[in-house]
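Below, each chain spelled out in residue letters.
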Amino acid sequence: MNESRGLSPKQPPTAATAPCTSLLTMFPVPLEIFEEIFLSLPPHQVVRVCRLVCHQWKEVADSESLWKERCRREGYRLCDASKIAKDWRLFYFLCKKRRNLLKNPRGEQDLSGWQILENGGDKWALHDLRVPHPDETVQKNFVTSFWMCRKSQLIDLEKEGYNPSFMDYFQPDIRISDWYSPRNDCGCIYEICVELLNQRKKPVQTFAPETIKFEQWSVERWNQMTHVFQNYGPGVRYIRFTHGGKDTQYWAGWYGIRLTDSCVEICPAMDT
């Protein structure tokens, strides 16, 4: 994690615990002035350089007010105003790096990025939406057929910039989301399984809700599946995201569950 390496719990021995030089002692500068200066510097420079100069600079670089103000200036806000960030510096870097870790979640590059585990019936297909999605930028969806269709992605957290020491020490929230919709003229089922895996790719924690079944003539609309992994312990190195389904009436073609806009994000943790 390029900009968040400074958040590692293990810091090399530095002069940060030493008092400032005699020059700073002779001409003291209010900490508020240092804070304003630090706000004008790149965040990684504040963490990797400024906080190592002396005790006073470290105090400013580690202060809640500095990172809270940086979040305000750069537009990183809490989604729920009733909650507070556990660590404003961590909140800032996670917001700055936050993104969907799944590749091709909307089928805009066909099936690129996905491992096909099951490809039954007339196989996976990509179609335009039959009904509008809540996000109007979503225009395509994956479609299943009359035998089971299942696909998966394996996310390597270290390759995505979240190093092992960071994951073990901070254990940031891991949020997953998936959108699914039936057709109104055919019954279908929807399944999802998301696993947090260790270095040997063995499950540390799993989210696998019961299969969702839609009867024929169900309302054709988009539904969202969400889950947040929290307090999962050390050792998480990979995330495996798997979903799929099929129609339940064995009609030739593509009458099964429709999937799009899947998402896996590393998120800041909140206090109530």
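Residues numbered from 1 in each chain as written. Predicted model: local features only at pLDDT ≥ 70, side-chain atom pairs only at ≥ 80, totals over all residues. Heavy atoms only, no water.

Draft legend 1. Summary view of the overall build of the protein chain. Summing up its helical and strand segments, the protein chain has seven helices and 13 strands in all. Looking at the 272 residues of the protein chain, the share that counts as buried comes to 48%. Within the protein chain, contacts between residues at least 6 apart in sequence are counted, and of these 78% link residues at least 24 apart. (Helix = DSSP H or I, 4+ residues; strand = E, 2+ residues; numbered from the N terminus. Buried < 20%, exposed > 50% of the residue type's maximum accessible area, 1.4 Å probe, protein only. Contact = heavy atoms within 4.5 Å.)

Draft legend 2. Focus on the packing of aromatic side chains. The final tally for this structure, using the stated rule, is 17 aromatic pairs. Centroid distance Phe38 to Trp57: 5.8 Å. Interplanar angle 75°. Geometry classified as edge-to-face. Residue Phe38 is found in helix α2 (residues 31-39), and its partner Trp57 is found in helix α4 (residues 55-61); the two are separated by 19 residues along the sequence. In textbook terms, an aromatic cluster arises when at least three aromatic residues are bridged by ring pairs, as seen for Trp114, Trp124, Phe142 and Phe241. Here the basic side chain of Arg70 rests over the ring of Tyr92, its NZ or CZ set 5.7 Å away from the ring centre. (Phe/Tyr/Trp six-rings, centres within 6.5 Å; stacked < 30°, edge-to-face > 60°. Lys NZ or Arg CZ within 6 Å of the ring centre and 35° of its normal.)

Draft legend 3. Here's a closer look at the packing of helix α5 (residues 64-74) against helix α6 (residues 88-97). Direction vectors running N to C along α5 and α6 enclose 30°, while the axes themselves pass 8 Å from each other. With respect to their mutual orientation, α5 and α6 come out roughly parallel. Read as a crossing pair, α5 and α6 show a hand that is left-handed. Contacts from Glu64, Trp67, Lys68, Arg70, Cys71 and Glu74 in α5 reach Trp88, Arg89, Phe91, Tyr92, Phe93 and Lys96 in α6. (Axes fitted to C-alpha atoms, helices over the stretch in contact; angles between N-to-C directions. Parallel < 35°, antiparallel > 145°, perpendicular 65-115°, else oblique. Left-handed = near helix turned anticlockwise from the far one by under 90°.)

Draft legend 4. Broad picture of the pairing of strand β4 (residues 140-143). Pairing of strand β3 (residues 125-128) with β4, which is carried by four bridges, proceeds in the antiparallel orientation. Paired with Asp128 across the two strands is Lys140, which belongs to β4. As paired strands, β4 and strand β12 (residues 258-267) are joined by two bridges and run antiparallel to one another. Each residue of the ladder has a partner; that of Phe142, found in β12, is Leu259. (Pairing = 2+ DSSP bridges.)

Draft legend 5. Seen up close, the sheet that holds strand β10 (residues 223-229). The strand order β3-β4-β12-β6-β10 describes an open sheet built from five strands, whose pairing is antiparallel. Two strands lie at the open edges of the sheet, namely β3 and β10, each paired on one side alone. Looking at each pair of strands side by side, their axes are set apart by 35° on average, direction ignored. Relative to β12, strand β6 (residues 173-181) runs antiparallel, the two sharing eight bridges. Note on β12: the bridge partner recorded for Arg175 is Glu265.

Draft legend 6. Fine view of a nonpolar patch on the surface. On the surface, Val29, Ile33 and Ile37 cluster together into a nonpolar patch covering about 230 Å² of accessible area. Tracing the backbone shows Val29 in the loop between α1 (22-26) and α2. (Patch = residues over 30% accessible without salt bridge, like charges linked within 9 Å, V, L, I, M, F, W, Y side chains within 5 Å. Areas by Shrake-Rupley, 256 points an atom, 1.4 Å probe, with all protein chains shown as cover. Salt bridge = Lys/Arg side-chain N within 4 Å of Asp/Glu carboxyl O.)

Draft legend 7. Fine view of the pattern of salt bridges. All told, the structure shown has 21 salt bridges when counted by the stated rule. Close ionic contact of Lys103 with Glu160 constitutes a salt bridge, the shortest N to O distance being 3.3 Å. With Lys103 in the loop between α6 and β2 (115-119) and Glu160 in the loop between β5 (149-156) and α7 (164-170), this residue pair connects regions lying 57 residues apart in the sequence. Looking at Lys103, the relative accessible area reads 43%, which means it is partly exposed. Note that Arg150 is salt-bridged to Glu191, the shortest N-O span being 2.7 Å. Linking Arg150 in strand β5 with Glu191 in strand β7 (residues 188-197), this pair joins segments that are 41 residues apart in sequence. Look at the salt bridges and you will find they share partners, linking Glu36, Glu69, Arg72 and Arg73 into a network.

Draft legend 8. Representation of α2 within the structure. Among the residues of α2, those classed as buried are Phe34, Glu35, Phe38 and Leu39. Taken around the axis of α2, the buried residues stretch over an arc of 140°, which confines them to a single face. (Arc of directions from axis to C-beta.)

Draft legend 9. Geometry of the nonpolar core. Of all hydrophobic cores here, the largest spans 34 residues; its most connected members are Leu157, Tyr162, Ile174, Ile192, Phe229, Ile239 and Val264. Secondary structure elements with two or more residues in this core: α6, β5, α7, β6, β7, β10, β11 (238-247) and β12. Sequence-distant contacts of Ile192, that is, excluding residues within four places in its chain, are made with Ile176, Asp178, Phe207, Ala208, Pro209, Met225, Phe241, Thr242 and His243. Listed in part, the 19 residues of the second largest apolar core include Val47, Ala61, Tyr92 and Phe93. (Core = buried A, V, L, I, M, F, W, Y, C linked by side-chain atoms within 4.5 Å.)

Draft legend 10. The packing of α2 against α5, seen in detail. Look at α2 against α5: their axes get within 10 Å of each other, and the N-to-C directions meet at 40°. One finds that α2 runs oblique with respect to α5. Note on packing geometry: the crossing formed by α2 with α5 is right-handed. When α2 is examined against α5, the residues Glu35, Glu36, Phe38 and Leu39 are found in contact with a partner set consisting of Ser65, Leu66, Glu69, Arg70 and Arg73. The class makeup of the residues in the contact of α2 with α5 is three nonpolar, one polar and five charged. (Nonpolar A, V, L, I, M, F, W, Y, C, P; charged D, E, K, R; others polar.)

Function cannot be inferred from these measures alone, as they are strictly geometric.
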